[in-house]
Amino acid sequence: MNKYDVAVCGGGFAGISAALAAAREGKKVILFEKEYMLGGLGTAGLVTIYLPLCDGYGHQVSFGIAEELLKLSVTYGAEDMYPENWLDGIGTKTEKDKRYLVRYNAQVFAILAEQLLLENGVEILYGSYVVDVDTADGKITSLHVYNKSGKSTYSVGSVVDATGDCDIAKFSGVPTETFKQGNILAAWYYYVNEKGMNLRMLGASDISDNEREDAIEFIDRRFTGLDGQEISEMVCLSHKTTLNNWLKKREENKDTVISTIATIPQVRMTRKIVGEYELSDVEMHKYFEDSVGMVSNWKERGPIYEVPFGTLYNKAVKNLIVAGRCTSVNETLWDVMRVIPCCAVTGQAAGTAAAMTDDFSALDVASLQKKLVEAGVVLHEKDIIK
Ligand SMILES: Cc1cc2nc3c(=O)[nH]c(=O)nc-3n(C[C@H](O)[C@H](O)[C@H](O)COP(=O)(O)OP(=O)(O)OC[C@H]3O[C@@H](n4cnc5c(N)ncnc54)[C@H](O)[C@@H]3O)c2cc1C
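The shown structure was predicted, so the numbers you read here are calculated from the model rather than taken from an experiment.

**Structural notes on the overall build of the protein chain**
Part 1 of the argument: Of the regular secondary structure elements, the protein chain holds 9 helices and 16 strands.
Part 2 of the argument: Taken over the C-alpha trace, the protein chain has a radius of gyration of 20 Å; the compact-globule value for 386 residues is 21 Å, and the two agree within 12%.
Part 3 of the argument: Viewed in the frame of its principal axes, the protein chain has a C-alpha envelope of about 60 × 55 × 40 Å.
Part 4 of the argument: Looking at the 386 residues of the protein chain, the share that counts as buried comes to 57%.
Part 5 of the argument: Where the 40 positive side-chain charges of the protein chain centre and where its 53 negative ones centre are 2 Å apart.

Written as structure tokens, this is what we have:
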């Protein structure tokens, strides 16, 4: 049977960060991704705005791999919102300045991320759906994977669930919660006209029904993102909405052409674990002794959250850790924690931890923090705001 120290399930921003961090610790790492590119919603889902690494008042909040991937994404230039002066140095910004964010090219980022993981020794298995687990003595012993070769089994030391949907947590019996409100329909797509390539962002985040966008049809329906039939219907509605929107644009400008549609469903929140700790939206500016990094709030300037290690695991399954959209936060904070920089922060912490142990409840968190700091992560707000 194939045997790996660390298995990362899902190759979105959380999975990329986790695999990179674990490989840099010298472990034998495999990454399973059901699509044929890395980046998840951030590439195949056409969500290409790398939301801010800063608090909006001049303080960088997220560091380490979160910043490394932002810089990687603009290696050959940005699509928009280039964070020019941020890359020259920080510390002098006010609320009048732009935040440290960027819009990048999805395809270029996916290729560069793939090269980065390969250079660091991560084995990437594309077209590979993790469909089940075996457990014994409170640990996942192996993962069942379907791909073009058929069904294979992989023996694992520790597992990072970066599927965005907590698939592995669900298979292994870790308690999970689903998004109660449900997702609105989204239909982000790219079109080209004489002005170049444009991103049309149809379907804003977390809007109430009475704030609906005219362009989105069937808005009254909400989607869990966890049912095969429902997801297919959602994707068809999204395609139809894209077509209708483009046809309207074409009436105004005959040179407008659709260039790219998403190849994975555009759902924001689906399932998260019930962690040893659930971080709440009111816990901004709170010191956590077991912080593994910090995130800011993309929706408003000011709030900073330290991320406790306990948000990443539940001791029901000792060798499973989660990252990205799967992290244990309350419903309100979920809309903050799900975005790209936060996924990179939790991914780096989860991957580093997964390289250190196959029992997260017994991990010496101080040793994990030491490794994260050595890798450039800043753990506490007091270290950025004196
Ligand atoms: C419409 C929309 C707009 C958004 N706007 C923004 C924005 O402007 N900026 C921003 O920063 N964020 C935005 N987000 C959120 C952000 O894009 C995602 O939450 C984030 O990229 C999630 O990263 P992730 O790695 O946790 O999960 P995902 O990106 O979902 O990655 C999970 C990966 O796991 C794979 N996978 C899933 N299940 C399995 C399995 N069982 N086996 C193998 N592989 C599996 C998937 O194919 C995918 O590649 C938006 C999201 C949506 C839907």
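**Comments concerning a nonpolar patch on the surface**
Part 1 of the argument: A contiguous nonpolar patch, built from Val192, Met197 and Val257 and spanning about 220 Å² of accessible area, is present on the exposed surface.
Part 2 of the argument: Within the secondary structure layout, valine 257 lies in strand S12 (residues 257-261).

**Quick word on the site of the ligand**
Part 1 of the argument: Neighbouring residues of the ligand: 33 residues in total, closest Glu33, Leu41, Ile49, Arg325 and Arg338.
Part 2 of the argument: Between the ligand and lysine 34 there is a distance of 3.2 Å, counted from an oxygen atom to a side-chain nitrogen or oxygen.
Part 3 of the argument: At 2.8 Å from an oxygen atom of the ligand is found a main-chain nitrogen or oxygen belonging to leucine 41.
Part 4 of the argument: If the ligand stood free it would expose 1000 Å²; the protein chains cover 97% of that surface.
Part 5 of the argument: Looking at the shell around the ligand, the elements that each hand over two or more residues are helix H1 (13-24), strand S6 (129-136) and helix H8 (340-356).
Part 6 of the argument: The class makeup of the residues in the shell around the ligand is 16 nonpolar, 10 polar and 7 charged.

**Let's talk about the sheet that holds strand S10 (residues 189-193)**
Within a sheet, neighbouring strands are paired by backbone hydrogen bonds and run either parallel or antiparallel to one another.
Part 1 of the argument: Taking strand neighbours across the sheet as the criterion, the 3 strands line up as S11-S10-S12 in an open arrangement whose pairing is antiparallel. What marks the edges here is a single partner per strand, and that holds for strand S11 (196-200) and S12. Strand-to-strand twist of the sheet, defined as the mean angle between neighbouring strand axes without regard to direction, takes the value 30 degrees.

**Concerning the domain arrangement of the protein chain**
Part 1 of the argument: Under the domain assignment, the protein chain is made up of domain 1 (2-179 + 270-383) and domain 2 (189-261).
Part 2 of the argument: Between the C-alpha centres of domain 1 and domain 2 the distance comes to 27 Å.
Part 3 of the argument: On the side of domain 2, 12 residues touch domain 1, which itself brings 16 residues to the contact.
Part 4 of the argument: Buried area between domain 1 and domain 2, summed over both chains or domains, comes out near 1000 Å², and the portion from carbon and sulfur atoms is 61%.

**Thoughts on the pairing of strand S14 (residues 291-296)**
Part 1 of the argument: Counting buried residues in S14 gives 6 out of 6 residues, a clear majority hidden from the surface.
Part 2 of the argument: Bridge analysis of S14 against strand S15 (residues 304-308) gives 4 bridges, and the strand direction is antiparallel. Across the sheet, residue valine 295 finds its bridge partner in S15, namely tyrosine 305.

**Points about the environment of serine 73**
Part 1 of the argument: Looking at where serine 73 falls in the secondary structure, it is placed in helix H2 (residues 65-73).
Part 2 of the argument: A relative accessible area of 2% means that serine 73 is categorised as buried.
Part 3 of the argument: In this structure the C-alpha to C-alpha distance between serine 73 and tyrosine 50, which are 23 residues apart in sequence, comes to 8.8 Å.

**Details of the environment of alanine 21**
Part 1 of the argument: Examined against the element boundaries, alanine 21 turns out to sit in helix H1.
Part 2 of the argument: Judged by relative accessible area, which is 5%, alanine 21 ranks as buried.
Part 3 of the argument: Remark: the alpha-carbon pair of alanine 21 and alanine 375, spanning 354 residues in sequence, is separated by 8.9 Å.

**A short note on the nonpolar core**
Part 1 of the argument: Residues Val8, Tyr50, Leu69, Leu117, Val160, Phe309 and Ile321 are the most contacted members of the largest nonpolar core, which totals 73 residues.
Part 2 of the argument: Sorting elements by how many residues they give to this core places H8 first, with 10 residues.
Part 3 of the argument: In contact with phenylalanine 309, not counting residues within four places along its chain, are Asp290, Val292, Ile321, Ala353, Phe360, Leu363, Val365 and Leu368.
Part 4 of the argument: Listed in part, the 22 residues of the second largest apolar core include Phe32, Leu143, Val156 and Ile273.

**Considerations on the pattern of salt bridges**
Part 1 of the argument: Evaluation of the coordinates by the stated rule reveals 20 salt bridges.
Part 2 of the argument: Aspartate 255 serves as the salt-bridge partner of lysine 254, at 3.6 Å between the closest nitrogen and oxygen.
Part 3 of the argument: For lysine 254, a relative accessible area of 67% gives the class exposed.
Part 4 of the argument: Measuring nitrogen to oxygen at the nearest pair gives 3.8 Å for the salt bridge that ties glutamate 276 to lysine 315. Within this pair, whereas glutamate 276 is found in the loop between strand S13 (271-273) and S14, its partner lysine 315 is found in the loop between S15 and strand S16 (320-322), the two being separated by 39 residues in sequence.
Part 5 of the argument: Ionic contacts of the salt-bridge type, sharing partners, join the residues Glu79, Asp80 and Arg103 into one network.

The rules we used
Residue numbering note: each chain is counted from 1, following its sequence as written. The predicted origin of the model limits local features to residues at a pLDDT of at least 70 and limits the giving and counting of side-chain atom pairs to 80 or more, whereas totals for whole chains, interfaces and linings rest on all residues. Computation of side-chain values: all heavy atoms of the structure, hydrogens and water removed. Strands are runs of DSSP state E lasting at least two residues, helices are runs of H or I lasting at least four, and both sets are numbered from the N terminus onward. Only C-alpha atoms enter the radius of gyration; for comparison, a globular chain is expected to reach 2.2 Å times N to the power 0.38, where N is the number of residues. Think of it in three bands: residues with accessible area under 20% of the maximum for their type are buried, residues over 50% are exposed, and the middle band is partly exposed, with areas taken using a 1.4 Å probe on protein chains only. Charged residues are defined narrowly, with Lys and Arg counted positive, Asp and Glu counted negative, and His plus the chain ends left uncounted. Positions of charges follow a simple convention, taking NZ of Lys, CZ of Arg, CG of Asp or CD of Glu. Residues with no salt bridge and a relative accessible area higher than 30% make up the patches, which join like charges within 9 Å and nonpolar side chains (Val, Leu, Ile, Met, Phe, Trp, Tyr) within 5 Å. Exposure was quantified through the Shrake-Rupley algorithm and a 1.4 Å probe, taking into account, for residues, occlusion by the shown protein chains and nothing else. Think of a salt bridge as a Lys or Arg side-chain nitrogen and an Asp or Glu carboxyl oxygen that are within 4 Å of each other. For this description, a residue counts as near a given molecule or strand if any of its non-hydrogen atoms is within 4 Å of it. Under the rule applied, a polar contact is a pair of N or O atoms within 3.5 Å (in protein, one hydrogen donor and one hydrogen acceptor; residues adjacent in sequence only if both atoms are side-chain atoms). Basically, the charged four are Asp, Glu, Lys and Arg, the nonpolar ten are Ala, Val, Leu, Ile, Met, Phe, Trp, Tyr, Cys and Pro, and anything else, Gly included, counts as polar. Whether two strands pair depends on DSSP finding at least two bridges between them. Axes here mean lines fitted to C-alpha atoms, for a helix over just the part in contact, with angles spanning 0 to 180 degrees between N-to-C directions. For the domain bounds, the source is a domain assignment made automatically or taken from a database. Whether two residues are in contact is decided by their heavy atoms: any pair within 4.5 Å suffices. Note on definitions: buried area is the accessible-area loss of two parts on being combined, 1.4 Å probe, summed for both. Nonpolar cores are built from buried Ala, Val, Leu, Ile, Met, Phe, Trp, Tyr and Cys residues. Side-chain atoms within 4.5 Å join them into one set.

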